[in-house]
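Descriptive analysis of the structure
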Amino acid sequence: ENGEAKKFAKTQMTRIRELLEINSRLDDIVEEMQRMQREKYKKEMEANAAKLQYYQLQVNPHFFINCLNLVDSLLSEKNVDTVRQMIRWLSEHFRYVFRSQESLVTIREELREVEAYCNIYMVRGGMPILIRKEVEGDLLEYGVPILAIQTFVENAVKHARRQGQILSVE
C-alpha cells in the first residue's frame, strides 16, 4: 500500500506540475494578446490622429485664406482696431488647432477656442452669434479631445444660421 500511495502521490504531483505549466502558458498567451491589443489600439489612435491632421490641413487653408482676405478688406476700410483683434483671434485659433493631437485639452480651453472661432466668424460673416455655456465648475478641467466641442459649434455656425437672425449656440 505504501508503494501505491507513493505512486499516486507522484502521479498527482505530475498532474499538478502539468496544470501549473498549462496555467503559466495560458498566462503568457493572455499577456501576449493584451500586448497585441494595446499595439492595435495605439496604431488605430495614430491612424486617427493622422486622419484628423489631414482633414485639418484640408479645411484650415480655406478658412485661413478667407480670413486673410477679410483682414485685407478691413485694412482697405482702415478698420485697424478690428484688424488687430482679428489677428489676435486668428493667432489664438491656429495656435490651438495645430497643437499636439495626442493630448487632451480641458473643457475650459476648448470653450476659449469656441469663443475665438465665433469671434472670427462674426467678423467674417457679419452675423451675431450668441454663445451660452453652462458647465459646472469642476467639469471645466475635464479632458476632452481637441476640437471636440469646437466642431459641433462650427457645424452649427455653418448649417443652422438664418439670414437676419441671431444664431444661438448653447
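Scroll up to find the structure this text is about.
So, a few notes on the structure that sits alongside this text. (Residues numbered from 1 in each chain as written. Predicted model: local features only at pLDDT ≥ 70, side-chain atom pairs only at ≥ 80, totals over all residues. Heavy atoms only, no water.)

**Remarks on the state of the cysteines**
Applying the stated rule across the entire model yields zero disulfides. Here C118 stays unpaired: no disulfide links it, and the sulfur of C67, its closest cysteine neighbor, is 13 Å away. Its relative accessible area of 0% is what places C118 among the buried residues. (Disulfide = S-S within 2.5 Å. Buried < 20%, exposed > 50% of the residue type's maximum accessible area, 1.4 Å probe, protein only.)

**Some details on the pattern of salt bridges**
Tallying each qualifying case throughout the model produces eight salt bridges. Close ionic contact of R35 with E32 constitutes a salt bridge, the shortest N to O distance being 2.3 Å. Within this pair, R35 and its partner E32 are both found in helix α1 (residues 2-76), separated by three residues, close to a single helical turn. The partly exposed category is assigned to R35, whose relative accessible area is 32%. What makes E32 partly exposed here is its relative accessible area of 35%. A salt bridge links R35 to E39; the nearest nitrogen and oxygen atoms lie 2.0 Å apart. Placement of both R35 and E39 in helix α1 is noted, with a separation of four residues, approximately one turn of the helix. (Salt bridge = Lys/Arg side-chain N within 4 Å of Asp/Glu carboxyl O. Helix = DSSP H or I, 4+ residues; strand = E, 2+ residues; numbered from the N terminus.)

**Considerations on the nonpolar core**
Counting 21 residues, the largest nonpolar core has F63, M86, L90, I120, I129 and V157 as its most contacted members. Secondary structure elements with two or more residues in this core: α1, α2 (80-97), α3 (107-125), α4 (148-159) and β4 (167-169). The contacts of I129, once residues within four sequence positions are left out, are C118, Y121, M122, V157, L167 and V169. Of all hydrophobic cores here, the second largest spans nine residues; its members include Y96, V105, L111 and V144. (Core = buried A, V, L, I, M, F, W, Y, C linked by side-chain atoms within 4.5 Å. Contact = heavy atoms within 4.5 Å.)

**Let's talk about the packing of α3 against α4**
Between α3 and α4, the shortest axis-to-axis distance is 8 Å and the interhelical angle comes to 25°. Between α3 and α4, the angle is such that the two are roughly parallel. The two elements α3 and α4 meet at a crossing, and its hand is right-handed. Where α3 abuts α4, its residues I107, E110, L111, E113, V114, Y117, C118 and Y121 lie against A148, I149, Q150, V153, E154, V157 and K158. (Axes fitted to C-alpha atoms, helices over the stretch in contact; angles between N-to-C directions. Parallel < 35°, antiparallel > 145°, perpendicular 65-115°, else oblique. Left-handed = near helix turned anticlockwise from the far one by under 90°.)

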